[in-house]
Amino acid sequence: MAHCNASHTCLLYKASPRLPCIIHSFLHQREIDLFNISPTSCKMEVPSSASLAMDCGLRVRTKAPKPLSIAGRAGGGGDLDVGDEAELNVEEPLSPYSRVFHTPSLDTCLIIIFGFAETLDIDVLTGSLMETSRKHPRFSSKLVFDGKKEKNPRWVRTKVNFEDHFIIPDLDPNMDKPDRFVEDYASNLSKIPIDVSKPLWEFHILNIRISNANAVGVFKIHHSVGDGMSLVSLVLSMSRKTSNPEELPSIPTSIKKKPKFVDGPFRYLIAVWLIFKLFLNIMYQAVHALFVKDTDTPIKGGKGVEHFPKRIVHRLISLDDIKFIKNGTNTTVNDVIVGITDAALSRYLHRKCGGRLKKNILLRASVIANVRQTAGLQELADMMEKGSKCRWGNKVGVLLVPLHVSLEEDPLEYVRRVNANLNQKKLLLEAAYSYYSTWLFLKVFGIKVVAALTHKLLFNSTLMVSNVLGPAEEITFCGQRLAYIAPTGWGLPTGVIIHYMSYMNKMSITLGACEEAIPDPHEFCDDIVESVQLMKNAVLQRKATKVIF
């Protein structure tokens, strides 16, 4: 049995009534000793952490540990002072999507798995996170409702007990299968609801070496706090370039070509035609959201899939390979990502169905799209670093992209088809329509109608795909060098959520799969990796053929 280290005291707090027993039993199975703070500090009317831990057969600390050492940091001790007293109790209403993510059918959490290139300095990491929390309103605000019916949800600034937000198990550095342990740990977090009586985030520090990193941090946060773009901007604000410790990381941006408009009398006819097409697209989306459901396949989530446990696995691939395929097909990185997802899904389903997959099946991916006017990441990070207000929150739309699920002789055909579909959807402003219609429906019909429509739209599709652009060079996060970043989430009514994120010359592929829909998510990840290699080889073969002729 491993014992609790004095400098890395194991802190396990009241994130939920079920948290102590679930984590205790999970770590107990791995032969890891875990201590807990005094149950007298828990104000919730639930069984104490001590009694739950004792039921699991573990020793329990009867005296609370000392606060984390954060000498020289703002606030001191274990409390977070958000600034002047006037800043406390400042209220801010939730955005439309943030309110949707707090309904029972769409209660969604995100996690970001950080792979660190070095063993963690706990005091430096926690101190830096505390300082950032002092700057950022969402990390020093709790969710408040009016009355028992939970009306008028809003963020209210509050003093933060920093100890409530860190879980630091004392782990055996020589444990067997550390990669599987981290995978199990992250997956078990999907079974634990987040505590809404405090700011909606927590950070788990796993100071063990795995195959791709020397330590791991797991950042759990409720989706109402922000979307992927907002959270990555937060990561950037807490990061610095390894090459220049005083400089914020940079995000590569693509120059968007301005659309060319036709001059002359025909431009009015074209404008009318585009408006008519947009109207048809709106009607099509509404009909598909309400009445059309994807064909049942082995990976289609069933009723209540949003509440099922999720298995979280990830892979790292070469970002250069993705760009090589992009250039070889004259498409975009997003096209390639959705294309390799289509190719991997085709391989996986044909194998699971023994080659007897139905023809002409309907299978769609809900692709998450950022609707901010600019790329957003660098601007948000710069603004937050300077202490000014920035456009945080959820500003995303959903694109319903059909996947053809067929075994193609030319693997690049998947990318070409996706490119044609996404180009049409961009022209028809489908992502913007999705976001702003949600806002309009919320104003007119209320949160229940919006939640029901969003749930039905996502449930009727088969999987969800998201791509987030990360830093192009090595960075330090809270003073610690990063090896990779792998985000994912759970709580949405879909059997599979696939997140792609670039960092340096790597791209992480993180799969959040319902265990009932995909009991073998590692195979799916292997299919994605193999699809990338097949497409790369196809591009190489095309170039070689052109040289010969």
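Parameters at a glance
Residues numbered from 1 in each chain as written. Predicted model: local features only at pLDDT ≥ 70, side-chain atom pairs only at ≥ 80, totals over all residues. Heavy atoms only, no water. Helix = DSSP H or I, 4+ residues; strand = E, 2+ residues; numbered from the N terminus. Buried < 20%, exposed > 50% of the residue type's maximum accessible area, 1.4 Å probe, protein only. Pairing = 2+ DSSP bridges. Core = buried A, V, L, I, M, F, W, Y, C linked by side-chain atoms within 4.5 Å. Contact = heavy atoms within 4.5 Å. Expected span 1.5 Å × (residues − 1). Phe/Tyr/Trp six-rings, centres within 6.5 Å; stacked < 30°, edge-to-face > 60°. Lys NZ or Arg CZ within 6 Å of the ring centre and 35° of its normal. pLDDT = per-residue confidence, 0-100. Polar contact = N/O pair within 3.5 Å; in protein donor to acceptor, adjacent residues only side chain to side chain. Axes fitted to C-alpha atoms, helices over the stretch in contact; angles between N-to-C directions. Parallel < 35°, antiparallel > 145°, perpendicular 65-115°, else oblique. Left-handed = near helix turned anticlockwise from the far one by under 90°. Salt bridge = Lys/Arg side-chain N within 4 Å of Asp/Glu carboxyl O.

Right, let's talk about the side chain of Ser140 for a bit. Following the sequence through the fold, Ser140 ends up in the loop between α4 (122-135) and β4 (141-146). The exposure class of Ser140 is buried, given its relative accessible area of 0%.

Trans peptide bonds make up most of the peptide bonds, and negative phi angles are found at most residues other than glycine. Positive phi is not limited to glycine here, since Lys177 has a value of about 50 degrees. A positive phi is found at Asn330, a non-glycine position, where the angle reads about 55 degrees. Following the sequence through the fold, Asn330 ends up in the loop between α8 (319-329) and α9 (333-352).

This next bit is on the pairing of strand β13 (residues 396-403). Side chains on a regular strand alternate between the two faces of the sheet. Of all 8 residues in β13, 7 are buried, a share of seventy percent or more. Inspection of the sheet shows strand β12 (residues 363-370) paired to β13 by 8 bridges, in the antiparallel sense. If you follow Ala365 over to β13, its bridge partner there is Val401.

Moving on to the nonpolar core. With 61 residues, the main nonpolar core has Phe114, Leu129, Phe203, Leu206, Phe219 and Phe477 as its most contacted residues. Broken down by element, this core gets its largest block of residues, 7 residues, from strand β3 (residues 109-116). With sequence-adjacent residues up to four places away left out, Phe203 is seen in contact with Phe114, Leu125, Leu129, His165, Phe166, Ile167, Gly217, Val218, Phe219 and Phe477. One finds Ala344, Tyr414, Ala513 and Ile528 within the second-largest nonpolar core, a separate group that totals 55 residues.

Right, let's talk about α9 for a bit. Turn by turn, an α-helix covers 3.6 residues, leaving residues three or four places apart pointing in a common direction. Taking 1.5 Å per residue, 20 residues should reach 28 Å; α9 reaches 28 Å between its end C-alpha atoms and fits that length. Downstream of α9 by a residue or two, Gly354 has a phi angle that is positive, lying close to 65 degrees.

Tallied over the entire structure, the rule returns 17 aromatic pairs. On the basis of an interplanar angle of 20 degrees and a centroid distance of 6.2 Å, the ring pair of Phe114 and Phe203 is categorised as stacked. Remark: Phe203 occurs in strand β8 (residues 201-206) and Phe114 occurs in strand β3; sequence separation between them is 89 residues. Taking 6.0 Å as the distance between ring centres and 45 degrees as the angle between the ring planes, the aromatic pair formed by Phe181 and Tyr185 counts as tilted. Taken together, the positions of Phe181 and Tyr185, both in helix α5 (residues 178-189) and 4 residues apart, correspond to about one turn of that helix. What makes Phe181 buried here is its relative accessible area of 0%. Residue placement shows Lys300 over the ring face of Phe459; its charged tip is 4.3 Å from the ring centre.

Bringing the confidence of the model for the protein chain into the picture now. Residues of the protein chain with pLDDT of at least 70 account for 74%, and the chain-wide mean is 76. Ranking the elements of the protein chain by mean pLDDT puts helix α2 (residues 49-55) last with 32 and α8 first with 95. Confidence over residues 385-390 falls short of pLDDT 50; this stretch has 9 contacts with residues more than four positions distant or in other chains.

Turning our attention to the environment of Asn460. Note that Asn460 resides in helix α13 (residues 447-460). The exposure class assigned to Asn460 is buried, which follows from its relative accessible area of 4%. At 3.1 Å, the side chain of Asn460 and the backbone oxygen of Val292 are in polar contact.

Moving on to the packing of α9 against helix α11 (residues 413-427). At their nearest, the axes of α9 and α11 sit 8 Å apart, and the two run at 125 degrees to each other. Relative to α11, α9 is oriented oblique. Relative to α11, α9 is oriented so that their crossing is right-handed. Contact residues: α9 offers Asn334, Asp335, Val336, Val338, Gly339, Asp342, Ala343 and Ser346, while α11 offers Tyr414, Val415, Arg417, Val418, Asn419 and Leu422.

Next up on the list: the pattern of salt bridges. Going through the model one piece at a time under the given rule, you end up with 20 salt bridges. For Asp321, the salt bridge is made with Lys536, and the minimal N-O distance between the two is 3.1 Å. Of this pair, Asp321 sits in helix α8 while Lys536 sits in helix α14 (residues 521-548), and the two are 215 residues apart along the sequence. Put simply, Glu523 and Arg351 hold a salt bridge, and the shortest N to O gap is 3.4 Å. Taken together, the residues Glu523 in helix α14 and Arg351 in helix α9 connect sequence positions 172 residues apart. Under the relative-accessibility criterion, Glu523 is labelled partly exposed at 32%. A relative accessible area of 40% means that Arg351 is categorised as partly exposed. Via salt bridges that share partners, Arg347, Arg351, Lys352, Asp520, Glu523, Asp527 and Glu530 belong to a single interconnected network.

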